[in-house]
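Coordinate inspection notes
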Amino acid sequence: MRKGHFPDHHSQTVSWQSLKDLLPYLMEYRTRVGLALSCLVFAKLANVATPFVLKHIVDALDGKNAIIGVPLALLVAYGAVRLGSVLIGEIRDTLFGRVTERAMRRVGINVFNHLHKLELDFHLNRKTGGLARDIERGTSGISFLLRFMVFNIVPTFLEIGLVFGLFLINYHWWFAAILLISIAIYIAWSVVATEWRTRFIRAANEADSKSNSAAIDSLLNYETVKYFNNEAFEAQRYDSDLADWEEARRKNRLTLFALNGGQAIIISASMTAMMILAAYEVADGAMTLGDFVLVNAFMMQIFMPLNFLGFVYREMKGSLANIENMFALMRQQPSIIDDVNASDLVIAKGEIVFENLSFSYHPDRPILKNLNCVIPAGKKVAFVGNSGAGKSTIMKLLYRFYDPTNGSIFIDQQNIKTVSQSSLRKQIGIVPQDTVLFNETLWQNIRYGDVNASDEQIWQAIEYAYLKEFIEQLPDKEKTTVGERGLKLSGGEKQRVAIARTILKNPSILLFDEATSSLDSHSETFILKAIDSISQNHTSVVIAHRLSTITNADIIFVLQQGEIVEQGAHNDLLNKRGTYFHLWQAQQREEQVESA
């Protein structure tokens, strides 16, 4: 499978491997599964016994003194057998329901955890809506597959086996032959026709995922749609996806008609043949009227679930395809993994060293080239340079969202590839350029920095981030909901929330990725105050666009096309009159023009 892409619904073959993948989840309740299967067998035995009781009732009634000698005992037995069959079936459903629900829960949480383990590259290429649909259809498919396999397919074939044996022993062998031939033809037709239409089911599912992804993507980018007045374009694009879905569903429906029609013909022909044979046997005296009723009852009992089996088989194939898509996600291996002997990162000082560091997203486009630098412990350093110089990539490598193509990163002389990702990220806090918030309250978003923090600690973080005054002005105070992705807040307010939750996390190393690049001067003042207050006694790395925000940095590294071309303090770099000096002059001219 290509990294970061979804399984191809058209080329993928439905595999029964999914059942094997499900077994470990079912085995958690071995006893329940065993009891449910026992109930299944008893229920079918009661079901098979019902037509025999009915035969004896009919034979007992078929006589001159039938009205006088109504076989009450047999009628009561008939009712008891039917009731027993239903009750045992209900017990079986109740027992196995818990197994199914637990399996769905376990699979669901495992897929969720696995998706969080996959690398950033996978998530940058994902379609959120389609991914959510794959998981939703996969877990629903587990419920359908287990329920109908245990409650329909297995019991039906068990009953067919019992009835075939009874026909072979008690009646003319032709009865057993007709039963066997009709079922064989029925199953063959169901399999062939369903395999033929599986591609139409997949096409419909793919169209469904595509239209759903398009709708979610458009709604998530609501503001962008409004900015460019593209409502009509979005609606036309969505309608185009829905048209593909409609066409796929139409083909799906037509093939379903062909499948159902063929099944109906097979059932009608076999029932008719069986009844004709039974009628001749009764006329010849080889069978009683009760036997005729028994044969008819057995055929009805078998073909009613068998007729349903066509639907079940079709849906099972669809469910298997959906489950397979979900397990394919589980089989996708993350490219960033911990070493087998990975230890926890232990920070004593917080010194960061980049040693011969090179990185490229694509082999033909290097981003960082043989980078060598030292970020001293407890100091504030900044990386500056033109767009595309590789500044933000340094942040992603530090967080181990990617591994370097060549070279290493050391924190307090520990190679970050040899420590666990969890311990590494626990020690680093980041204020990103684009702060994305959960659609929850301000309080919950700040608390995300440390979900176990006390109220006092959260309020302290709010004060350090200069958020308290803003929160007190809101009608709902800290309980104000921020909206999807934090759209109800301004850029400066979101950045202060990001700073507050980073303060709450209390990491050893702080990263600021162009935290003020898109803010007005008033908001920038607040952010810079907050950054300075939390940077004390921490190793701080700042990615800066506005050079005026990092004049107090201990060391400034100037990047150009992935290489460090200059380094030093602000005044020293200005005196060199090199790359940094020209960047500074250009920004000063821009700010003068903006002021004018």
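Summary of the structure given here.

About the criteria used
- Residues numbered from 1 in each chain as written.
- Predicted model: local features only at pLDDT ≥ 70, side-chain atom pairs only at ≥ 80, totals over all residues.
- Heavy atoms only, no water.
- Helix = DSSP H or I, 4+ residues; strand = E, 2+ residues; numbered from the N terminus.
- Buried < 20%, exposed > 50% of the residue type's maximum accessible area, 1.4 Å probe, protein only.
- Contact = heavy atoms within 4.5 Å.
- Areas by Shrake-Rupley, 256 points an atom, 1.4 Å probe, with all protein chains shown as cover.
- Expected span 1.5 Å × (residues − 1).
- Pairing = 2+ DSSP bridges.
- Axes fitted to C-alpha atoms, helices over the stretch in contact; angles between N-to-C directions.
- Core = buried A, V, L, I, M, F, W, Y, C linked by side-chain atoms within 4.5 Å.
- Salt bridge = Lys/Arg side-chain N within 4 Å of Asp/Glu carboxyl O.
- Patch = residues over 30% accessible without salt bridge, like charges linked within 9 Å, V, L, I, M, F, W, Y side chains within 5 Å.
- Parallel < 35°, antiparallel > 145°, perpendicular 65-115°, else oblique.
- Nonpolar A, V, L, I, M, F, W, Y, C, P; charged D, E, K, R; others polar.

**Let's talk about the overall build of the chain**
A count of helices and strands for the chain gives 18 helices and 10 strands. Considering the chain as a whole, with its 596 residues, one finds that 47% of them fall into the buried category. When contacts within the chain are restricted to residue pairs at least 6 apart in sequence, long-range pairs at least 24 apart make up 79% of them. By element, 56% of the accessible surface of the chain is carried by carbon and sulfur atoms, the whole surface being about 30,600 Å².

**Some thoughts on helix H8 (residues 231-283)**
An ideal rise of 1.5 Å per residue puts 78 Å on 53 residues; H8 measures up with 76 Å between its terminal C-alpha atoms. Among the residues trailing H8, Gly285 stands out with phi positive, at a value near 85 degrees.

**A few points about the sheet that holds strand E9 (residues 555-560)**
Judged by pairing direction, the sheet is mixed, and its 6 strands sit side by side in the order E6-E7-E8-E3-E9-E10 without closing on themselves. Unpaired on one side and paired on the other, strand E6 (428-431) and strand E10 (563-568) mark the two borders of the sheet. Ignoring strand direction, the axes of neighbouring strands in this sheet form an average angle of 20 degrees. Where strand E7 (residues 509-513) lies against strand E8 (residues 539-543), 5 bridges are found, and the strand directions are parallel. For Ile509, the partnering residue across the bridge sits in E8 and is Thr539. Along the sheet, helix H10 (residues 391-398) contacts strand E3 (380-385), E6, E7, E8 and E9; its crossing angle with E7, the most-contacted strand, is approximately 145 degrees.

**Some points on the environment of Lys379**
Among the secondary structure elements, Lys379 is positioned in the loop between strand E2 (365-375) and E3. Sequence separation between Lys379 and Ile555 is 176 residues, and the spatial gap between their C-alpha atoms is 8.1 Å. Sequence-distant contacts of Lys379, that is, excluding residues within four places in its chain, are made with His538, Thr539, Ser540 and Asp554.

**Some thoughts on the pairing of strand E1 (residues 352-362)**
In this structure, E1 lies alongside E2, joined through 7 bridges in antiparallel fashion. The partner of Phe354 across the bridge, within E2, is Cys373. Where E1 hands over to E2, the hairpin turn is made up of 2 residues, counted between the paired strands. Summarising the sheet, E1 and strand E4 (residues 406-411) pair through 5 bridges and their orientation is antiparallel. Across the sheet, the residue bridging to Ile352 is Ile411, located in E4.

**A word on the nonpolar core**
Among the nonpolar cores identified, the biggest contains 41 residues, and Val384, Leu442, Leu467, Ile550, Ile556 and Tyr580 are the most heavily contacted of them. When residues in this core are grouped by element, the largest group, 6 residues, is from helix H15 (residues 491-505). In this structure, Tyr580 is in contact with Val384, Leu547, Ile550, Ile556, Val558, Glu566, His570, Leu573 and Leu574, ignoring residues within four places of it in sequence.

**Things to note about the sheet that holds E2**
With respect to topology, 4 strands assemble into an open sheet ordered E2-E1-E4-E5, the strand pairing being antiparallel. One side of each edge strand has no neighbouring strand; the edge strands of this open sheet are E2 and strand E5 (414-415). Its contacts with the sheet place H10 against E1, E2 and E4, and it is angled at close to 110 degrees to E1.

**Concerning the pattern of salt bridges**
Taken as a whole and judged by the stated rule, the model has 5 salt bridges. In this structure, the salt-bridge partner of Asp241 is Lys210, at a minimum N-O distance of 3.7 Å. Of this pair, Asp241 sits in helix H8 while Lys210 sits in helix H6 (residues 173-220), placing them 31 residues apart in sequence. On the basis of relative accessibility, which here comes to 7%, the residue Asp241 falls in the buried class. Here Arg237 and Glu234 are joined by a salt bridge, their closest N and O atoms 2.9 Å apart.

**Observations regarding a nonpolar patch on the surface**
A cluster of nonpolar residues, Leu168, Ile169, Trp173 and Trp174, forms a patch on the protein surface that exposes about 490 Å² of accessible area. Counting residues per element, the ones that place at least two in the nonpolar patch are helix H5 (128-170) and H6. Mapped onto the secondary structure, Leu168 falls in helix H5. For Leu168, a relative accessible area of 46% corresponds to the partly exposed category.

**Topic: the pairing of E9**
Burial within E9 is extensive, with 5 of its 6 residues counted as buried. Alignment of E3 against E9, held across 5 bridges, turns out to be parallel. Bridging from a neighbouring strand, Phe383 pairs with Phe557 of E9. Across 5 bridges, E9 lies against E10 in antiparallel orientation. Its bridge partner being in E10, Ile556 is matched across the sheet by Gly568.

**With respect to the packing of H6 against H8**
With their axes 9 Å apart at the nearest point, H6 and H8 run at an angle of 170 degrees to one another. In terms of orientation, H6 lies roughly antiparallel with respect to H8. Of the residues assigned to the contact of H6 with H8, the class counts are 29 nonpolar, 10 polar and 9 charged.

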